[in-house]
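# A closer look at the structure
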Amino acid sequence: MDPFDAGAGGLLKQPKSVWATAGASVVAFMGIGLVDPILPSIAQGLHATPSQVSLLFTSYFLITAVAMLVTGFVSSRIGGRKTLLLGLAFVVVFAGLAGTSGSVGELVDFRAGWGLGNALFVSTALAVIVGAAAGGSAAAILLYESALGLGMACGPLLGALLGDASWRYPFFGTAFLMAIGFLCITVFLKEQPKPARKTSLLDPVKALGHGGLASAAVSAFFYNYTFFTVLAFTPFVLNMSPYRSGAVFFAWGVLLAVFSVIVAPRLQKRFGSLKVLGGSLVLLAADVLVLGYGDHTTAVVCTILSGAFIGVNNTVYTELALGVSDAPRPVASAGYNFVRWFAAAAAPYFAPKIEEWTDIHIPFVVAAVTAAVGALVVVVRRKALTNEAEELEPKHATEDGVAVFAN
């Protein structure tokens, strides 16, 4: 069945509950890149250094990583709908408080609370969409990934449009949009059946005992360091106005969405998942190396181009995490994300520190090396990763729960 078919079960023929959850997902994903174009403005407004402002990402993703052990525990006990609403409530409160911050320390703390809410929401959203969707999971998964791509693209754009007036406005805007999402889910989404088995806090850690899943998580850890060096450190290197920086990362997000949803599945079908992943990681390493040593125009082009490689990587890593082990998919997903999001917390902190210790180029050299190490892990551990990896189709479907958070 063509998931774009407007007939029964097609992408465009979904219940209001699915659209409400997908719409809130767009805003949730927007929160990841929202601060990108306003990082220099925040630093100026709060008299902070780039390394201090980078903690906005570090606190956000550090909490996200730890929360991956909690989300399955919570949702398996109170249900998907209540977990979504709890996450949305956290985002509304802490995003709003972030806009009132009087110091970078307060902003970092509020951003951490925001990260907890986002983890609770996004880690549960796909399972809810799949459970409520009409006509099977293919269209539902495509809708979810489209929401991810749209959110990643629009986050920097919203940050630029609102942040041009004040760096505080994007936070208030996010709180307002998530409040609308809260109301829509309250009205349109009915509670779904709870999982037959409750998830313990240690189940995701135990799942990492599987060699294939552990290999995917380690490779993704190194890749995520590269990904978030681009996302969190590049705005300081480009040193552009919020509008210009927002436009750059909007184009980056569009490529991410297109290559994640459309291009990656076709490449996988032709070449196989592991070859596509290894090749894309090597190309990403080359791209960030050129970004670090090129002139300003080259840096802009390479930043945008990195979105294509990141989109491909996100899709393939998602499928590996969901299909390479015999653990229940929600549990495998949580264990995988627990490992990889620590790199998302580390990169925004260490990249500006490395620049302070060395020069502007070396953070990108490190990012290129980590992408190459991610590819090396795929090559060295290809036997452990082969289980189902070459046969995986771009469906990401789970019959039993939560899928990979934020790709």
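My aim in this report is to walk through the structure given alongside it, one point at a time. (Residues numbered from 1 in each chain as written. Predicted model: local features only at pLDDT ≥ 70, side-chain atom pairs only at ≥ 80, totals over all residues. Heavy atoms only, no water.)

### So, the overall build of the protein
A count of helices and strands for the protein gives 16 helices and zero strands. Within the protein, the proportion of its 407 residues that are buried is 60%. A fraction of 86% describes how many contacts in the protein between residues 6 or more apart in sequence connect residues 24 or more apart. Accessible surface, the protein as shown: approximately 15,100 Å² in total, 67% of it carbon and sulfur. (Helix = DSSP H or I, 4+ residues; strand = E, 2+ residues; numbered from the N terminus. Buried < 20%, exposed > 50% of the residue type's maximum accessible area, 1.4 Å probe, protein only. Contact = heavy atoms within 4.5 Å. Areas by Shrake-Rupley, 256 points an atom, 1.4 Å probe, with all protein chains shown as cover.)

### Thoughts on the packing of aromatic side chains
Aromatic ring pairs are defined here through the distance separating the ring centres and the angle between the ring planes. Using the criterion set out here, one finds 17 aromatic pairs in the structure. On the numbers, 4.9 Å between centres and 80° between planes, the contact of Tyr60 with Phe61 is edge-to-face. For the ring pair Phe338 and Phe342, a centre distance of 5.2 Å and an interplane angle of 85° mean the geometry is edge-to-face. Within this pair, Phe338 and its partner Phe342 are both found in helix α14 (residues 329–357), separated by four residues, close to a single helical turn. An aromatic cluster is present here, built from Tyr60, Phe61, Trp114, Trp167, Phe171, Tyr223, Phe227, Phe228, Phe249, Trp252, Tyr317 and Trp341 joined pairwise through their rings. The ring of Tyr60 carries the charged tip of Arg111 above its face, separated from the ring centre by 4.1 Å. (Phe/Tyr/Trp six-rings, centres within 6.5 Å; stacked < 30°, edge-to-face > 60°. Lys NZ or Arg CZ within 6 Å of the ring centre and 35° of its normal.)

### Quick notes on the packing of helix α5 (residues 80–98) against helix α8 (residues 169–188)
Closest axis-to-axis distance for the α5/α8 pair is 8 Å, and the angle between their directions is 160°. By the angle class used here, α5 and α8 are roughly antiparallel. Considering the relative orientation of α5 and α8, their crossing is left-handed. Across the interface between the two elements, Arg81, Leu84, Leu85, Leu88, Ala89, Val91, Val92, Ala95, Gly96 and Ala98 from α5 touch Phe171, Phe172, Thr174, Ala175, Met178, Ala179, Gly181, Phe182, Ile185 and Thr186 from α8. In the contact of α5 with α8, the residues fall into 15 nonpolar, four polar and one charged. (Axes fitted to C-alpha atoms, helices over the stretch in contact; angles between N-to-C directions. Parallel < 35°, antiparallel > 145°, perpendicular 65-115°, else oblique. Left-handed = near helix turned anticlockwise from the far one by under 90°. Nonpolar A, V, L, I, M, F, W, Y, C, P; charged D, E, K, R; others polar.)

### What about helix α13 (residues 296–323)?
Compared with the 40 Å implied by 1.5 Å per residue over 28 residues, the 41 Å span of α13 between its first and last C-alpha is a close match. Burial of α13 is extensive: 22 of the 28 residues sit out of reach of the surface. (Expected span 1.5 Å × (residues − 1).)

### What to know about a nonpolar patch on the surface
A cluster of nonpolar side chains, namely Leu157, Leu161, Tyr243, Phe250, Val254, Val258 and Ile262, defines an oily patch on the protein surface of about 540 Å² accessible area. If you tally residues by element for the nonpolar patch, the top one is helix α11 (residues 242–271), at five residues. Along the polypeptide, Phe250 turns up in helix α11. (Patch = residues over 30% accessible without salt bridge, like charges linked within 9 Å, V, L, I, M, F, W, Y side chains within 5 Å. Salt bridge = Lys/Arg side-chain N within 4 Å of Asp/Glu carboxyl O.)

### A look at the environment of Leu88
Mapped onto the secondary structure, Leu88 falls in helix α5. Taking the C-alpha atoms as reference points, Leu88 and Asn118, separated by 30 residues in sequence, lie 7.2 Å from one another.

### Considerations on the packing of helix α12 (residues 273–293) against helix α15 (residues 362–380)
One can describe the packing of α12 onto α15 by two numbers: an axis separation of 8 Å at closest approach and a directional angle of 170°. The angle between α12 and α15 places the two elements in the roughly antiparallel class. Contacts from Leu274, Leu277, Gly278, Leu281, Val282, Ala285, Val288, Leu289, Leu291, Gly292 and Tyr293 of α12 reach α15 at Ile362, Phe364, Val365, Ala367, Ala368, Ala371, Ala372, Gly374, Ala375 and Val378. Residues belonging to the contact of α12 with α15 are distributed by class as follows: 18 nonpolar, three polar and no charged.

### Thoughts on helix α6 (residues 104–132)
For α6, built from 29 residues, the straight-helix expectation of 42 Å at 1.5 Å per residue is met to within 8% by its first-to-last C-alpha distance of 41 Å. If you look at α6, its biggest bend is around 35°, right at Ala125. (Bend = angle between axes of the 7 residues up to and from the residue.)

### A closer look at the side chain of Thr315
Among the structural elements, Thr315 can be located in helix α13. Looking at Thr315, the relative accessible area reads 0%, which means it is buried. A distance of 2.8 Å separates the side chain of Thr315 from the backbone oxygen of Ser260, its partner in a polar contact. (Polar contact = N/O pair within 3.5 Å; in protein donor to acceptor, adjacent residues only side chain to side chain.)

### Here's the deal with the nonpolar core
Counting residues in hydrophobic clusters, the biggest one holds 117 residues, and the most contacted among them are Ile42, Phe61, Phe121, Phe171, Ile185, Phe228 and Trp252. With 14 residues, the single largest contributor to this core is helix α10 (residues 211–238). Each residue touching Ile42, except ones within four places of it in the same chain, is listed here: His47, Val53, Leu56, Leu107, Trp167 and Phe171. (Core = buried A, V, L, I, M, F, W, Y, C linked by side-chain atoms within 4.5 Å.)

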